[in-house]
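A closer look at the structure
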Amino acid sequence: MIEATASAPSKFVILGEHAVVYGEPSLTLAIDLRFRVRLRYSDAFRVNGQTASNRNTSPHMRYLYDLHGGKPVSAYVESDIPSGSGLGSSAALSVAFAAALQALEGQPLDRAAVAKDAYEAEYYAQGRGSPMDTSTSAAGGGVALNMPHRKEDLLWTISKEDRTWEVSRFDTPPMTFVLGNTGIRAATGPLVDKVRRYRESNSFAAGIVDEIGDVTRDGLRALRAGDLDELGALMTYDHKLLSILGVSCPELNSLVDAALPYSYGAKLTGSGGGGCMVALTDRPQQVAKAILAHGGTPYIVHTGVPGVTVSTREAGQKQRHRGRGHHGEKKNADNRR
Ligand code: MEV
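Quick look at the structure, then. Just so you know, the residues in each chain are numbered from 1, in the order the chain's sequence is written. At least 70 in pLDDT is required for a residue's local features to be given in this predicted model, at least 80 for side-chain atom pairs to be given and counted, and no such filter applies to totals for whole chains, interfaces and linings, which use all residues. To get the side-chain values, all heavy atoms of the structure are used, and hydrogens and water are removed first.

Let's talk about the overall build of the protein
- Secondary structure assignment for the protein yields ten helices and 14 strands.
- Our radius of gyration looks at C-alpha atoms and nothing else; its globule reference is 2.2 Å times the residue count to the power 0.38. Relative to the globule expectation of 20 Å for 337 residues, the C-alpha radius of gyration of the protein, 19 Å, shows essentially globular dimensions.
- When its C-alpha atoms are laid out on the principal axes, the protein stretches across 55 × 45 × 40 Å.
- The 337 residues of the protein split such that 55% are buried.
- Residue burial considers only the protein chains on display, and all accessible areas are found by Shrake-Rupley using a 1.4 Å probe. When the accessible surface of the protein is split by element, carbon and sulfur atoms take 48% of a total near 13700 Å².
- Neither His nor the chain ends is counted toward charge; the positive residues are Lys and Arg and the negative residues Asp and Glu. Lys charges are placed at NZ, Arg charges at CZ, Asp charges at CG and Glu charges at CD. Counting 38 positive and 36 negative side-chain charges, the protein places the averaged centre of each group 7 Å from the other. Working definition: helices are DSSP H or I runs of at least four residues, strands are E runs of at least two. Numbering for both runs from the N terminus. Throughout, exposure labels follow a simple rule: accessible area from a 1.4 Å probe, protein chains only, divided by the maximum for the residue type, with under 20% read as buried, over 50% as exposed, and the rest as partly exposed.

Observations regarding the environment of Y124
- With respect to the helices and strands, the residue Y124 is situated in helix α3 (residues 111–126).
- Along the sequence, Y124 and L64 sit 60 residues apart, while their C-alpha atoms lie 9.9 Å from each other.

Comments concerning the packing of helix α2 (residues 89–104) against helix α4 (residues 132–139)
- α4 packs onto α2 with a crossing angle of 55° between their chain directions and a minimal axis gap of 8 Å. Taken as axis vectors, α2 and α4 run oblique relative to one another. Between α2 and α4 the crossing geometry is right-handed. Contact with α2, carried on its side by A91, A92 and V95, involves D133, T134, S137 and A138 of α4 and no other residues of that element.
- Three classes are used, and their members are as follows: Ala, Val, Leu, Ile, Met, Phe, Trp, Tyr, Cys and Pro are nonpolar, Asp, Glu, Lys and Arg are charged, and the others, Gly among them, are polar. Taken together, the residues of the contact of α2 with α4 break down into four nonpolar, two polar and one charged. Orientation is described by lines fitted to C-alpha atoms, with helices fitted over the stretch in contact, and by angles between N-to-C directions that extend from 0 to 180 degrees. Angular relationships are summarised with four words: roughly parallel below 35 degrees, roughly antiparallel beyond 145, roughly perpendicular across 65 to 115, and oblique for the angles in between. Crossings are classed by handedness, with left-handed meaning an anticlockwise turn of the near helix from the far one by less than a right angle and right-handed meaning a clockwise turn. For this analysis, residues touch if any pair of their heavy atoms sits within 4.5 Å.

Details of the side chain of E3
- Turning to its location among the elements, E3 is positioned in strand β1 (residues 2–15).
- Identification of polar contacts relies on pairs of N or O atoms within 3.5 Å, with a donor-acceptor requirement for protein atoms, meaning one able to donate a hydrogen and the other able to accept it, and with residues adjacent in sequence counted only if both atoms are side-chain atoms. Separated by 2.7 Å, the side chains of E3 and R40 make a polar contact.
- Setting aside residues up to four positions removed in sequence, E3 forms contacts with R38, L39, R40, L104, S311, T312 and R313.

Topic: helix α7 (residues 228–244)
- For α7, with 17 residues, the first-to-last C-alpha span of 24 Å sits near the 24 Å given by 1.5 Å per residue.
- Along α7, the positions that sit buried rather than exposed are L228, L231, G232, L234, M235, T236, D238, H239, L241 and L242.
- Residues of α7 that are buried in the fold lie against β1, β9 (176–181), α6 (203–225), α8 (250–259), β10 (265–268) and β11 (276–281).
- Just past α7, the residue G246 takes up positive phi, approximately 90°. By this rule, a helix spans an expected 1.5 Å times one less than how many residues it contains.

Regarding the site of the ligand
- Within the structure, the ligand sits among K11, E17, H18, V20, V21, G129, S130, M132, D133, V192, G270 and S271.
- Between the ligand and H18, the relevant distance is 2.9 Å, taken from an oxygen atom to a main-chain nitrogen or oxygen of the residue.
- For the ligand, an oxygen atom lies 2.8 Å from a polar atom in the side chain of D133.
- In isolation the ligand exposes 300 Å². Once the protein is present, 96% of that is buried.
- Residue composition of the shell around the ligand, grouped by class: four nonpolar, five polar and three charged. By convention in this text, a residue qualifies as near a molecule or strand provided that one of its non-hydrogen atoms is within 4 Å of it.

Quick notes on the packing of helix α1 (residues 59–67) against α2
- α2 packs onto α1 with a crossing angle of 20° between their chain directions and a minimal axis gap of 10 Å. Considered as vectors, α1 and α2 are oriented roughly parallel to each other. Judged by the twist between their axes, the crossing of α1 over α2 is right-handed. The residues of α2 that touch α1, namely those facing H60, M61, L64 and Y65, are S90, L93, S94, F97, A98 and L101.
- In terms of residue class, the contact of α1 with α2 is built from seven nonpolar, three polar and no charged.

What follows is the structure, given as structure tokens:
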């Protein structure tokens, strides 16, 4: 009996959330909070040993199971990623399941194929959105959408309806980021819908979305120049633009304000409405303290982490790794158990 194990990272957004849905650029970094799944074919659908009647799991899993012929599988899952927090927990789940299901069918790891299947699962589950989260989780490291890039940095291209996203890799200078979680869970779909309605009904809102695109392009120039003052200022400005679009909240604003005295810049990350903010800083301990003092949960995150990894084994034997590239993990989670 073959068993496949996959591990996929979460992410945060340096710049570009919401506007990326309309084909504007984005800059994201994968982080060291991961989702892990171990899968094998079974006589019934199970999650962590519990029978899941009617594949009554998540719509992402349902979509991916159907894509792979609907054979019952038993899944063991574990996650470091707080859900509904803007860190791409459902994208990491989709990426890990897509990779593990492909591996169960005997396919070698193909991160482009995983990114595409996982994006379709996200689209099925939460409607109109971009492939930013799923592509970052599949690729790892630093991922740009719709940005100028060197030919060798192009990872893949994803199209949906009238929109196309070119996904490329970017390098970062050494930087430290601190996340602050408000603890308020907010689903992505309704926030994406809110911005869509505002943008469609109001040319001022459409202009804000375009401006987020310009700020994000400026952000890549600042990153390439290693200009953290400029990058931080752009992040803080982006937070104001996102607030005008109505996707911030008092708790996020309070954590951003608390972090700013010790940071180059700070902003909400992900879809907003709650969830996390992120600060670029060279004083992570002070930022973490300020976030804590204002009721948030801080995480000093590590970037430069591998994208999805997968391994297979005959149950009871040593694992064979398929996911090692220059971003490959040396060990995956199940080896550590
Ligand atoms: C969610 O992490 C990011 C959004 O831009 C939605 C998307 O890109 O699908 C708000």
